[in-house]
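# What the coordinates show
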Amino acid sequence: MAIALPPEVRQALRMLHDGGYQAYAVGGCVRDSLLGRVPADWDVTTSAAPEQVRRLLSAYPVIETGLKHGTLTVRIGGRPLEITTYRVDMGGRDHRHPDAVRFTPCLTEDLARRDFTVNAMAYNEEEGLIDRFGGQEDLERRLLRCVGEPDRRFEEDALRILRALRFASVLDFAIDEASAGSLVRKRGLLVHVSAERVREELLRLLRGTAPAAVLRRFPSVIGTVLPELTAMVGFDQNNPHHLYDVYEHTIRSVEAAPPDPVVRTALLFHDSGKPASYTEDEQGVGHFRGHAAVSLQLAEQALARLKFDKASSVRILALIRYHDAAVSPTPASLRRWLNRLGEEGLRQLLLVKAADNLAQHPAYHGRQAEIRRLETLLDEVLAQRQCFSLTDLAVNGRDLQAAGIPAGPGMGMLLHTLLEDVIEGRCENDRQVLLSRAALLFDTQREGNA
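Scope of this entry: the structure provided in the associated data block. (Residues numbered from 1 in each chain as written. Predicted model: local features only at pLDDT ≥ 70, side-chain atom pairs only at ≥ 80, totals over all residues. Heavy atoms only, no water.)

## Regarding the side chain of H249
Checked against the element boundaries, H249 lands in helix 12 (residues 246-256). Ignoring any residue separated from it by four or fewer positions in sequence, one finds H249 in contact with Q237, H242, Y244, H270, D271, D356, A359 and Q360. (Helix = DSSP H or I, 4+ residues; strand = E, 2+ residues; numbered from the N terminus. Contact = heavy atoms within 4.5 Å.)

## Remarks on the packing of helix 13 (residues 261-269) against helix 16 (residues 310-322)
For any two helices packed against each other, one specifies the crossing angle of their axes together with the interaxial distance. Where helix 13 contacts helix 16, the axes come no closer than 9 Å and their chain directions differ by 50°. The angle between the axes of helix 13 and helix 16 places the two elements in the oblique class. Judged by the twist between their axes, the crossing of helix 13 over helix 16 is right-handed. Contacts between helix 13 and helix 16 pair V262, V263, T265, A266 and F269 from the former with R315, I316, L319 and I320 from the latter. Taken together, the residues that form the contact of helix 13 with helix 16 break down as 7 nonpolar, 1 polar and 1 charged. (Axes fitted to C-alpha atoms, helices over the stretch in contact; angles between N-to-C directions. Parallel < 35°, antiparallel > 145°, perpendicular 65-115°, else oblique. Left-handed = near helix turned anticlockwise from the far one by under 90°. Nonpolar A, V, L, I, M, F, W, Y, C, P; charged D, E, K, R; others polar.)

## Considering the sheet that holds strand 4 (residues 71-76)
The strand order 3-4-5-2-1-8-9 describes an open sheet built from 7 strands, whose pairing is mixed. On the outer flanks of this sheet lie strand 3 (62-66) and strand 9 (128-131), each paired with one strand and no other. Strand-to-strand twist across the sheet, computed as the mean angle between neighbouring axes with direction ignored, equals 35°. By the bridge criterion, 6 bridges tie strand 4 to strand 5 (residues 79-85) in an arrangement that is antiparallel. For R75, the partnering residue across the bridge sits in strand 5 and is P80. Contacting strand 1 (23-26), strand 2 (43-46), strand 4, strand 5 and strand 8 (121-124), helix 1 (residues 7-18) crosses the sheet at an angle of about 35° to strand 5. (Pairing = 2+ DSSP bridges.)

## Let's talk about the packing of aromatic side chains
If you walk through the whole model with that rule in mind, you get 4 aromatic pairs. Each ring, one from Y278 and one from F288, has its centre 5.4 Å from the other, and the planes form 50°; the classification is tilted. Here the residue Y278 occupies a position in the loop between helix 14 (274-277) and strand 12 (279-280), and F288 occupies one in the loop between strand 13 (286-287) and helix 15 (291-305), the gap between them amounting to 10 residues. Of the residues examined, F288 reaches a relative accessible area of 10% and is grouped as buried. A connected cluster of aromatic rings, assembled from ring pairs, spans F235, Y278 and F288. Just above the ring of F167 sits the side chain of R166; from NZ or CZ to the centre is 4.5 Å. (Phe/Tyr/Trp six-rings, centres within 6.5 Å; stacked < 30°, edge-to-face > 60°. Buried < 20%, exposed > 50% of the residue type's maximum accessible area, 1.4 Å probe, protein only. Lys NZ or Arg CZ within 6 Å of the ring centre and 35° of its normal.)

## Considerations on the nonpolar core
Among the nonpolar cores identified, the biggest contains 104 residues, and I83, L165, I175, L183, I222 and L226 are the most heavily contacted of them. Broken down by element, this core gets its largest block of residues, 10 residues, from helix 17 (residues 331-358). Excluding anything up to four places from it in sequence, I175 contacts L143, L144, A164, L165, A168, A180, L183, R217 and F218. (Core = buried A, V, L, I, M, F, W, Y, C linked by side-chain atoms within 4.5 Å.)

## What about helix 8 (residues 177-185)?
The α-helix advances 3.6 residues per turn, and as a result positions three or four apart in sequence lie on the same side. The set of residues buried in helix 8 consists of S179, A180, S182 and L183. Buried residues of helix 8 fall within an arc of 165° about the axis and therefore sit on the same side. Exposed side of helix 8, more than 90 degrees from the buried face: E177 and R185 are the residues found there. (Arc of directions from axis to C-beta.)

Keep in mind these values describe shape, not function.
Here it is in structure tokens:
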């Protein structure tokens with residue numbers, strides 16, 4: 001099977017080959033090309049030592065990105081290429097990186113150190129596909145399988161445990177039984193993976209096409225890095241709104257949402273507080289009063305530990321806080337929510353509500369029509385440029401000063417009062433109307449302080 005190599009990759013391979021060395025595109029770029037995907041990055045493996053790569057490609061900028069491990073980044077025509085010498089990894093006491101590497105003239109030895117068979121294929125135009133471990137067959141079977149002994153692969157680098165889950169979600173592949181059993185057994189090694197890498201793998205998993213299958217099959221692995229979720233597994237809701245336990249409901253809500261990482265992360269945590277909030281009434285019906293507040297605390301703890309950026313954390317936590325809050329189908333209600341969350345945040349909240357509802361008992365899926373009505377009304381409010389923020393207000397602080405109202409903390413409070421009046425429909429968003437309203441409020445306030 002021919003792979004269309006970018007001209008920059010072809011140029012690097014040709015120059016290394018003309019210098020007397022073997023060279024191949026390798027890893028994920030080969031896998032994605034065989035799957036008909038456009039690779040995000042291209043990596044090259046070669047029998048040339050780093051100093052030989054530098055000499056042969058001296059016409060191009062070279063960055064020593066991983067020299068001790070045999071990797072140079074060469075920029076050809078604006079495309080960065082990681083070029084790595086064939087190597088054998090030795091040791092790995094931190095369960096993340098080799099203690100040392102040994103360069104080898106053997107391509108097979110280099111491919112044998114890689115994580116999964118689908119990532120252990122090489123290609124150049126002269127020899128075609130080099131597949132020593134059955135990667136092409138695994139691609140056809142949509143199967144993720146470790147190269148060699150799974151326990152050894154995961155012990156060498158614990159990040160591979162999460163990479164396996166991420167690849168399974170992104171590619172919609174199954175993980176073979178031996179590799180699956182091993183990654184469950186070795187999940188304790190995830191303590192050696194940095195919070196940042198855990199976060200990035202989880203987000204990529206959630207953005208994938210098949211996160212539900214992964215979350216459902218590997219709750220113990222997910223719970224190792226997100227212990228806040230473990231109480232949900234198998235927790236029966238005993239409520240007519242629900243067919244599934246809390247964890248299965250969560251999985252189905254994630255699956256029902258678009259692959260927006262903020263929305264799906266919020267859904268992953270939105271009911272995490274239910275087990276701690278559970279009560280039963282006299283009829284044995286389960287209730288979860290106040291669970292959103294508990295879910296919020298658990299999510300806040302997890303997001304801080306995994307070092308989510310502030311903007312994402314604020315948005316995710318807001319969606320969890322309000323996932324059960326009522327949004328009335330009126331312009332005033334939507335203006336209030338727009339003021340609180342902004343347009344993007346409110347649209348995300350409606351996505352959360354829709355996905356949450358689709359994961360409930362089908363008898364209650366009628367709420368989908370209500371959510372669609374809210375979306376239509378939201379479009380109308382925005383199309384009409386209705387006021388919901390201070391920037392939309394027809395007056396500002398300078399206007400109030402010009403009307404004789406002094407600057408200071410009271411002015412800010414006055415502007416917020418005017419905005420609230422407009423949002424609630426008590427006052428038209430008109431400059432003269434608002435200036436008259438401001439003068440009246442200021443006079444009333446001044447008389448009250450006299």
